[in-house]
Amino acid sequence: MAPIKAALLGFGTVGQGVYEALKTHKEQLQAVLGQEVVIEGILVKDGSKKREVDDHVLITTDFNEILNIEGLEVVFEAIVGEEPGFTYLSRALEKGCHVITANKVMFARYGRTLLDKAETLKRFVGFEATTAGGTPIIRSISQLLQVNEIHTVEAILNGTSNYILTNMREKGLPFHEVLKSAQELGYAEADPASDIEGYDAFYKLMILSELSFGETPKWEDVERKGITDVTAEQISVFKDWGYKVKHLARIRRDSDQFISSVKPVLVDADHPLYGVEDVQNAIMVDTSLAGKVTIQGAGAGKLPTASAMVEDLTYVLQPQSLVRKKNSATIAEEVSSEDTNTTLIGEYVVIGSSVGFHGTDEVEILKQEVEGDLVYLLVECQVSTALLLEENPDLVVYEVAGKVRKTEGRAEQKDSLLKKVINL
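Residues numbered from 1 in each chain as written. Predicted model: local features only at pLDDT ≥ 70, side-chain atom pairs only at ≥ 80, totals over all residues. Heavy atoms only, no water.

Quick notes on the pairing of strand E7 (residues 150–156)
Among the seven residues of E7, six are classified as buried, and the element is accordingly described as predominantly covered. The pairing of E7 with strand E9 (residues 244–254) spans four bridges and is classified as antiparallel. Each bridged residue has a counterpart across the sheet, and for Val153 the counterpart in E9 is Ile251. (Buried < 20%, exposed > 50% of the residue type's maximum accessible area, 1.4 Å probe, protein only. Helix = DSSP H or I, 4+ residues; strand = E, 2+ residues; numbered from the N terminus. Pairing = 2+ DSSP bridges.)

A word on the pattern of salt bridges
One pass over the full model with this rule turns up 21 salt bridges. Close ionic contact of Lys23 with Asp54 constitutes a salt bridge, the shortest N to O distance being 2.8 Å. With Lys23 in helix H1 (residues 13–24) and Asp54 in the loop between strand E2 (37–43) and strand E3 (58–60), this pair connects stretches of sequence that are 31 residues apart. On the basis of relative accessible area, Lys23 is assigned to the partly exposed category, the value being 43%. With a relative accessible area of 30%, Asp54 lands in the partly exposed category. The shortest N-O distance in the salt bridge between Arg405 and Glu380 comes to 3.3 Å. In this pair, Arg405 sits in strand E17 (residues 405–408) while Glu380 sits in strand E15 (residues 374–382), placing the two residues 25 residues apart along the sequence. Look at Arg405 and you get partly exposed, because its relative accessible area is 36%. The exposure class of Glu380 is buried, given its relative accessible area of 12%. What emerges from the salt-bridge pattern is a single network uniting Arg169, Glu170, Lys244, Lys246 and Glu277. (Salt bridge = Lys/Arg side-chain N within 4 Å of Asp/Glu carboxyl O.)

None of the figures reported here should be taken as evidence of function without further support.
Below, the structure written as C-alpha coordinates:
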(Lines give C-alpha, C1' and ligand atoms only; values in the text may rest on other atoms or scores of the structure.)
Protein backbone atom coordinates (compact mmCIF):
# COMPACT_ATOMS: atom_id res chain seq x y z
CA MET A 1 0.00 0.00 0.00
CA ALA A 2 1.29 3.47 -0.91
CA PRO A 3 2.60 5.57 1.99
CA ILE A 4 0.89 8.67 3.34
CA LYS A 5 2.86 11.63 2.03
CA ALA A 6 3.43 14.56 4.38
CA ALA A 7 5.43 17.80 4.47
CA LEU A 8 6.91 19.91 7.24
CA LEU A 9 6.82 23.71 7.29
CA GLY A 10 9.66 24.73 9.56
CA PHE A 11 12.49 22.59 10.86
CA GLY A 12 13.30 24.15 14.21
CA THR A 13 12.84 22.40 17.53
CA VAL A 14 9.23 21.37 16.91
CA GLY A 15 9.72 20.46 13.26
CA GLN A 16 12.67 18.26 14.09
CA GLY A 17 10.65 16.66 16.87
CA VAL A 18 7.87 15.74 14.44
CA TYR A 19 10.36 14.27 11.98
CA GLU A 20 12.03 12.21 14.73
CA ALA A 21 8.70 11.02 16.14
CA LEU A 22 7.52 9.81 12.74
CA LYS A 23 10.75 7.87 12.36
CA THR A 24 10.95 6.36 15.85
CA HIS A 25 7.24 5.48 15.95
CA LYS A 26 6.97 4.30 12.39
CA GLU A 27 5.67 0.84 13.29
CA GLN A 28 3.11 2.12 15.80
CA LEU A 29 1.71 4.58 13.27
CA GLN A 30 1.56 1.94 10.56
CA ALA A 31 -0.34 -0.36 12.91
CA VAL A 32 -2.90 2.38 13.64
CA LEU A 33 -3.24 3.80 10.14
CA GLY A 34 -2.50 0.77 8.02
CA GLN A 35 0.03 2.80 6.03
CA GLU A 36 3.50 4.21 6.49
CA VAL A 37 3.80 7.98 6.97
CA VAL A 38 6.66 9.55 5.02
CA ILE A 39 7.94 13.13 5.09
CA GLU A 40 8.50 14.07 1.45
CA GLY A 41 9.39 17.75 1.80
CA ILE A 42 10.55 20.29 4.38
CA LEU A 43 10.21 24.06 4.03
CA VAL A 44 13.15 25.95 5.57
CA LYS A 45 14.51 29.49 5.68
CA ASP A 46 18.09 28.57 4.83
CA GLY A 47 18.36 25.98 2.12
CA SER A 48 22.16 25.74 2.36
CA LYS A 49 22.24 24.36 5.90
CA LYS A 50 22.87 20.63 6.25
CA ARG A 51 19.94 18.66 7.74
CA GLU A 52 20.00 15.14 9.10
CA VAL A 53 17.14 13.80 7.00
CA ASP A 54 16.67 10.99 4.48
CA ASP A 55 18.15 11.56 1.04
CA HIS A 56 14.77 11.51 -0.74
CA VAL A 57 13.38 14.43 1.31
CA LEU A 58 12.98 17.68 -0.61
CA ILE A 59 14.55 20.60 1.29
CA THR A 60 13.30 23.90 -0.10
CA THR A 61 12.72 27.56 0.68
CA ASP A 62 9.86 27.72 -1.86
CA PHE A 63 6.41 26.82 -0.54
CA ASN A 64 5.17 26.23 -4.08
CA GLU A 65 7.54 23.29 -4.35
CA ILE A 66 5.94 21.80 -1.24
CA LEU A 67 2.44 22.12 -2.71
CA ASN A 68 3.62 20.55 -5.96
CA ILE A 69 4.62 17.29 -4.24
CA GLU A 70 2.55 14.66 -6.00
CA GLY A 71 0.00 12.96 -3.74
CA LEU A 72 0.68 15.23 -0.73
CA GLU A 73 -1.96 14.56 1.94
CA VAL A 74 -0.81 16.22 5.17
CA VAL A 75 1.05 19.43 6.01
CA PHE A 76 2.60 19.93 9.45
CA GLU A 77 3.21 23.60 10.29
CA ALA A 78 5.68 24.73 12.95
CA ILE A 79 6.43 28.32 11.98
CA VAL A 80 6.51 31.24 14.43
CA GLY A 81 4.14 34.18 13.96
CA GLU A 82 0.87 34.85 12.17
CA GLU A 83 2.40 34.99 8.71
CA PRO A 84 3.33 33.26 6.53
CA GLY A 85 1.83 30.34 8.49
CA PHE A 86 -1.79 31.36 7.94
CA THR A 87 -1.33 31.85 4.19
CA TYR A 88 0.54 28.57 3.82
CA LEU A 89 -2.13 26.57 5.66
CA SER A 90 -4.94 28.26 3.73
CA ARG A 91 -3.30 27.29 0.46
CA ALA A 92 -2.61 23.76 1.70
CA LEU A 93 -6.30 23.31 2.54
CA GLU A 94 -7.28 24.62 -0.90
CA LYS A 95 -4.84 22.12 -2.41
CA GLY A 96 -6.75 19.32 -0.64
CA CYS A 97 -4.35 18.66 2.23
CA HIS A 98 -5.16 18.16 5.88
CA VAL A 99 -3.15 20.56 8.07
CA ILE A 100 -1.72 20.23 11.59
CA THR A 101 -0.27 23.24 13.40
CA ALA A 102 1.65 24.12 16.55
CA ASN A 103 1.48 27.87 15.82
CA LYS A 104 -0.52 29.33 18.72
CA VAL A 105 -0.16 32.99 17.72
CA MET A 106 -1.46 32.35 14.22
CA PHE A 107 -4.21 30.00 15.35
CA ALA A 108 -5.46 32.34 18.07
CA ARG A 109 -6.02 34.95 15.36
CA TYR A 110 -7.11 32.83 12.42
CA GLY A 111 -8.21 29.52 13.88
CA ARG A 112 -11.93 29.97 13.18
CA THR A 113 -11.17 31.03 9.60
CA LEU A 114 -9.10 27.90 9.01
CA LEU A 115 -11.67 25.64 10.68
CA ASP A 116 -14.48 27.10 8.57
CA LYS A 117 -12.47 26.68 5.40
CA ALA A 118 -11.55 23.11 6.31
CA GLU A 119 -15.21 22.29 6.98
CA THR A 120 -16.20 23.66 3.58
CA LEU A 121 -13.44 21.71 1.85
CA LYS A 122 -14.04 18.56 3.95
CA ARG A 123 -10.50 18.69 5.27
CA PHE A 124 -9.16 18.59 8.83
CA VAL A 125 -7.26 21.10 10.98
CA GLY A 126 -5.33 19.64 13.90
CA PHE A 127 -4.29 22.14 16.58
CA GLU A 128 -3.69 20.11 19.75
CA ALA A 129 -0.07 21.33 19.90
CA THR A 130 -1.09 25.00 20.06
CA THR A 131 -2.23 24.97 23.67
CA ALA A 132 -0.23 22.76 26.03
CA GLY A 133 2.32 20.67 24.21
CA GLY A 134 1.76 17.00 24.91
CA THR A 135 -1.24 17.51 27.19
CA PRO A 136 -4.37 16.41 25.25
CA ILE A 137 -6.48 19.44 26.12
CA ILE A 138 -8.11 19.98 22.73
CA ARG A 139 -9.29 16.41 22.25
CA SER A 140 -10.46 16.19 25.86
CA ILE A 141 -12.58 19.34 25.58
CA SER A 142 -13.91 18.17 22.23
CA GLN A 143 -15.11 14.97 23.84
CA LEU A 144 -16.74 16.90 26.70
CA LEU A 145 -18.56 19.08 24.18
CA GLN A 146 -20.45 16.12 22.77
CA VAL A 147 -23.01 16.49 25.59
CA ASN A 148 -21.66 18.75 28.34
CA GLU A 149 -21.85 22.52 28.37
CA ILE A 150 -18.62 24.16 29.52
CA HIS A 151 -19.20 26.95 32.04
CA THR A 152 -15.66 28.00 32.94
CA VAL A 153 -12.07 27.27 31.99
CA GLU A 154 -9.10 27.74 34.35
CA ALA A 155 -5.63 26.75 33.24
CA ILE A 156 -1.89 26.96 33.75
CA LEU A 157 -0.78 27.30 30.14
CA ASN A 158 2.82 28.45 30.34
CA GLY A 159 5.47 26.15 31.74
CA THR A 160 8.11 28.88 32.03
CA SER A 161 6.02 31.06 34.34
CA ASN A 162 4.95 28.04 36.38
CA TYR A 163 8.59 26.94 36.75
CA ILE A 164 9.62 30.40 37.93
CA LEU A 165 6.84 30.72 40.51
CA THR A 166 7.43 27.18 41.78
CA ASN A 167 11.14 27.73 42.31
CA MET A 168 10.71 31.17 43.85
CA ARG A 169 8.49 29.53 46.46
CA GLU A 170 10.48 26.36 47.05
CA LYS A 171 13.96 27.93 47.03
CA GLY A 172 13.16 31.42 48.30
CA LEU A 173 14.94 32.99 45.33
CA PRO A 174 14.14 36.31 43.67
CA PHE A 175 12.49 36.44 40.27
CA HIS A 176 15.56 37.40 38.23
CA GLU A 177 17.65 34.51 39.58
CA VAL A 178 15.02 31.89 38.77
CA LEU A 179 14.47 33.40 35.32
CA LYS A 180 18.19 33.07 34.61
CA SER A 181 18.06 29.43 35.69
CA ALA A 182 15.06 28.83 33.42
CA GLN A 183 16.98 30.30 30.50
CA GLU A 184 20.03 28.13 31.22
CA LEU A 185 17.80 25.03 31.30
CA GLY A 186 16.13 25.98 28.03
CA TYR A 187 12.73 26.61 29.62
CA ALA A 188 12.85 30.33 28.80
CA GLU A 189 13.99 32.14 25.67
CA ALA A 190 16.71 34.81 25.65
CA ASP A 191 13.81 37.25 25.34
CA PRO A 192 11.29 35.75 27.79
CA ALA A 193 8.62 38.47 27.45
CA SER A 194 6.06 36.25 25.73
CA ASP A 195 6.12 33.84 28.67
CA ILE A 196 6.54 36.05 31.72
CA GLU A 197 4.25 38.85 30.51
CA GLY A 198 1.40 36.43 29.77
CA TYR A 199 1.18 36.73 25.99
CA ASP A 200 1.81 33.03 25.39
CA ALA A 201 -0.94 32.02 27.84
CA PHE A 202 -3.24 34.67 26.37
CA TYR A 203 -3.03 33.24 22.85
CA LYS A 204 -3.70 29.76 24.18
CA LEU A 205 -6.67 31.00 26.19
CA MET A 206 -8.19 32.53 23.05
CA ILE A 207 -7.89 29.15 21.31
CA LEU A 208 -9.58 27.43 24.25
CA SER A 209 -12.33 30.06 24.26
CA GLU A 210 -13.11 29.44 20.60
CA LEU A 211 -13.22 25.72 21.24
CA SER A 212 -15.28 25.91 24.44
CA PHE A 213 -17.71 28.71 23.62
CA GLY A 214 -17.63 29.02 19.84
CA GLU A 215 -16.17 32.52 20.00
CA THR A 216 -13.61 34.67 21.76
CA PRO A 217 -13.84 37.92 23.71
CA LYS A 218 -12.43 41.08 22.21
CA TRP A 219 -8.72 40.75 22.78
CA GLU A 220 -8.44 44.21 24.30
CA ASP A 221 -11.07 43.28 26.92
CA VAL A 222 -8.99 40.43 28.35
CA GLU A 223 -7.07 41.40 31.48
CA ARG A 224 -3.44 40.37 31.00
CA LYS A 225 -0.76 40.71 33.64
CA GLY A 226 2.62 39.03 33.87
CA ILE A 227 4.55 37.68 36.84
CA THR A 228 7.44 40.16 36.92
CA ASP A 229 6.01 42.05 39.91
CA VAL A 230 5.59 38.94 42.07
CA THR A 231 8.24 39.12 44.79
CA ALA A 232 9.92 36.48 46.92
CA GLU A 233 8.64 38.31 50.02
CA GLN A 234 5.04 38.09 48.81
CA ILE A 235 5.40 34.42 48.00
CA SER A 236 6.83 33.73 51.48
CA VAL A 237 3.83 35.33 53.21
CA PHE A 238 1.39 33.54 50.90
CA LYS A 239 3.13 30.24 51.60
CA ASP A 240 2.75 30.75 55.37
CA TRP A 241 -0.96 31.38 54.80
CA GLY A 242 -1.34 28.18 52.77
CA TYR A 243 -1.48 29.77 49.30
CA LYS A 244 0.54 29.40 46.12
CA VAL A 245 0.81 31.99 43.38
CA LYS A 246 -0.24 30.57 40.02
CA HIS A 247 -0.29 32.38 36.68
CA LEU A 248 -3.83 31.40 35.72
CA ALA A 249 -5.63 31.85 32.41
CA ARG A 250 -9.38 31.95 33.08
CA ILE A 251 -12.54 32.54 31.11
CA ARG A 252 -16.28 32.20 31.65
CA ARG A 253 -19.47 33.50 30.09
CA ASP A 254 -21.59 35.94 32.09
CA SER A 255 -24.82 36.70 30.23
CA ASP A 256 -23.76 38.30 26.95
CA GLN A 257 -20.15 38.96 27.87
CA PHE A 258 -16.93 37.15 28.74
CA ILE A 259 -15.07 37.45 32.04
CA SER A 260 -11.49 36.57 31.16
CA SER A 261 -7.97 37.16 32.43
CA VAL A 262 -4.39 35.97 32.44
CA LYS A 263 -2.77 37.04 35.71
CA PRO A 264 -1.16 35.85 38.95
CA VAL A 265 -3.75 34.67 41.48
CA LEU A 266 -3.64 32.73 44.74
CA VAL A 267 -4.83 29.15 45.10
CA ASP A 268 -5.20 27.01 48.20
CA ALA A 269 -4.96 23.25 48.63
CA ASP A 270 -8.59 22.79 47.61
CA HIS A 271 -8.03 24.25 44.16
CA PRO A 272 -7.63 21.67 41.35
CA LEU A 273 -4.45 23.37 40.05
CA TYR A 274 -2.72 23.74 43.43
CA GLY A 275 -0.35 20.80 42.86
CA VAL A 276 0.69 21.69 39.29
CA GLU A 277 4.38 22.54 39.57
CA ASP A 278 7.52 23.35 37.56
CA VAL A 279 7.04 23.23 33.76
CA GLN A 280 3.80 21.28 33.90
CA ASN A 281 0.62 22.62 32.29
CA ALA A 282 -2.92 21.84 33.38
CA ILE A 283 -6.48 22.82 32.62
CA MET A 284 -9.66 22.60 34.68
CA VAL A 285 -13.03 22.85 32.97
CA ASP A 286 -16.27 23.18 34.92
CA THR A 287 -19.00 21.40 32.99
CA SER A 288 -22.75 20.93 33.23
CA LEU A 289 -22.70 17.14 33.73
CA ALA A 290 -19.17 15.96 34.45
CA GLY A 291 -18.47 18.71 36.98
CA LYS A 292 -14.87 19.83 37.29
CA VAL A 293 -12.48 17.92 35.04
CA THR A 294 -8.71 18.49 35.29
CA ILE A 295 -6.06 17.45 32.77
CA GLN A 296 -2.33 17.78 33.45
CA GLY A 297 0.84 17.06 31.49
CA ALA A 298 3.99 18.34 29.83
CA GLY A 299 3.43 21.82 28.45
CA ALA A 300 6.23 22.24 25.97
CA GLY A 301 9.40 20.80 24.53
CA LYS A 302 10.37 19.10 21.32
CA LEU A 303 8.91 15.66 21.92
CA PRO A 304 5.74 16.57 23.87
CA THR A 305 4.74 19.06 21.17
CA ALA A 306 5.68 16.61 18.43
CA SER A 307 3.59 14.00 20.21
CA ALA A 308 0.54 16.26 20.02
CA MET A 309 1.05 16.82 16.30
CA VAL A 310 1.57 13.14 15.53
CA GLU A 311 -1.48 12.18 17.59
CA ASP A 312 -3.45 14.73 15.55
CA LEU A 313 -2.32 12.87 12.46
CA THR A 314 -4.07 9.72 13.64
CA TYR A 315 -7.29 11.71 14.01
CA VAL A 316 -6.84 13.31 10.59
CA LEU A 317 -6.77 9.96 8.86
CA GLN A 318 -9.47 8.17 10.84
CA PRO A 319 -13.22 8.67 10.35
CA GLN A 320 -14.00 10.86 13.36
CA SER A 321 -14.36 14.54 14.09
CA LEU A 322 -12.06 16.28 16.52
CA VAL A 323 -13.89 19.58 16.86
CA ARG A 324 -17.43 20.76 16.41
CA LYS A 325 -18.69 24.31 16.72
CA LYS A 326 -20.20 25.22 20.06
CA ASN A 327 -23.54 26.96 20.28
CA SER A 328 -22.55 29.69 22.69
CA ALA A 329 -26.09 31.09 22.71
CA THR A 330 -27.12 28.15 24.87
CA ILE A 331 -24.65 29.11 27.57
CA ALA A 332 -25.59 32.78 27.38
CA GLU A 333 -29.26 31.88 27.78
CA GLU A 334 -28.56 29.67 30.78
CA VAL A 335 -26.44 32.28 32.53
CA SER A 336 -28.79 35.15 31.81
CA SER A 337 -31.64 33.19 33.39
CA GLU A 338 -29.93 33.34 36.79
CA ASP A 339 -31.16 35.71 39.46
CA THR A 340 -29.75 39.12 38.56
CA ASN A 341 -30.17 40.34 42.15
CA THR A 342 -27.23 38.31 43.40
CA THR A 343 -24.00 39.92 44.62
CA LEU A 344 -20.58 38.36 44.07
CA ILE A 345 -18.35 38.11 47.14
CA GLY A 346 -14.71 37.00 46.93
CA GLU A 347 -11.48 36.72 48.92
CA TYR A 348 -8.44 38.84 48.10
CA VAL A 349 -5.02 39.60 49.49
CA VAL A 350 -4.33 43.34 49.62
CA ILE A 351 -0.78 44.62 50.12
CA GLY A 352 -0.16 48.25 51.03
CA SER A 353 1.77 50.65 53.21
CA SER A 354 1.51 50.02 56.94
CA VAL A 355 0.92 53.73 57.51
CA GLY A 356 -2.16 55.46 56.20
CA PHE A 357 -3.67 52.45 54.46
CA HIS A 358 -7.44 52.70 54.36
CA GLY A 359 -9.82 49.89 53.56
CA THR A 360 -13.36 50.47 52.42
CA ASP A 361 -16.79 49.82 53.82
CA GLU A 362 -18.08 46.32 53.22
CA VAL A 363 -14.66 44.73 53.74
CA GLU A 364 -14.11 41.94 56.25
CA ILE A 365 -10.55 41.30 57.38
CA LEU A 366 -9.86 37.59 57.63
CA LYS A 367 -6.12 37.70 58.29
CA GLN A 368 -3.32 40.25 58.48
CA GLU A 369 0.44 40.34 58.76
CA VAL A 370 3.06 43.10 58.72
CA GLU A 371 6.31 42.56 56.83
CA GLY A 372 8.72 45.49 56.95
CA ASP A 373 6.82 48.60 55.86
CA LEU A 374 4.03 46.61 54.21
CA VAL A 375 0.83 45.17 55.60
CA TYR A 376 -0.69 42.01 54.09
CA LEU A 377 -4.44 41.67 54.49
CA LEU A 378 -6.64 38.74 53.56
CA VAL A 379 -10.06 40.26 53.06
CA GLU A 380 -13.51 39.30 51.93
CA CYS A 381 -15.45 41.85 49.92
CA GLN A 382 -17.66 42.36 46.90
CA VAL A 383 -15.99 41.77 43.56
CA SER A 384 -16.86 45.33 42.57
CA THR A 385 -15.02 46.60 45.66
CA ALA A 386 -11.97 44.50 44.78
CA LEU A 387 -11.90 46.06 41.30
CA LEU A 388 -11.76 49.50 42.90
CA LEU A 389 -8.91 48.37 45.13
CA GLU A 390 -7.00 47.13 42.10
CA GLU A 391 -7.25 50.56 40.52
CA ASN A 392 -5.40 52.11 43.49
CA PRO A 393 -1.73 52.47 42.39
CA ASP A 394 -0.55 52.24 46.01
CA LEU A 395 -2.00 48.76 46.48
CA VAL A 396 -1.19 45.29 45.20
CA VAL A 397 -4.22 43.01 45.02
CA TYR A 398 -4.29 39.24 44.47
CA GLU A 399 -7.51 37.34 43.96
CA VAL A 400 -7.89 34.01 45.76
CA ALA A 401 -9.12 31.69 43.01
CA GLY A 402 -12.22 29.63 43.62
CA LYS A 403 -13.45 31.74 46.54
CA VAL A 404 -16.08 33.80 44.75
CA ARG A 405 -19.59 33.10 46.00
CA LYS A 406 -23.02 34.61 45.51
CA THR A 407 -25.23 36.33 48.05
CA GLU A 408 -28.80 37.48 47.62
CA GLY A 409 -28.61 41.22 47.18
CA ARG A 410 -27.60 43.10 50.32
CA ALA A 411 -29.60 40.95 52.72
CA GLU A 412 -26.63 38.87 53.82
CA GLN A 413 -24.27 41.78 54.45
CA LYS A 414 -23.47 41.83 58.14
CA ASP A 415 -22.00 44.37 60.48
CA SER A 416 -18.70 42.51 60.22
CA LEU A 417 -18.43 43.67 56.62
CA LEU A 418 -18.27 47.28 57.74
CA LYS A 419 -14.81 47.15 59.33
CA LYS A 420 -12.31 49.79 58.31
CA VAL A 421 -8.56 49.49 58.22
CA ILE A 422 -7.02 52.75 59.34
CA ASN A 423 -3.37 53.49 60.10
CA LEU A 424 -2.23 49.91 60.53
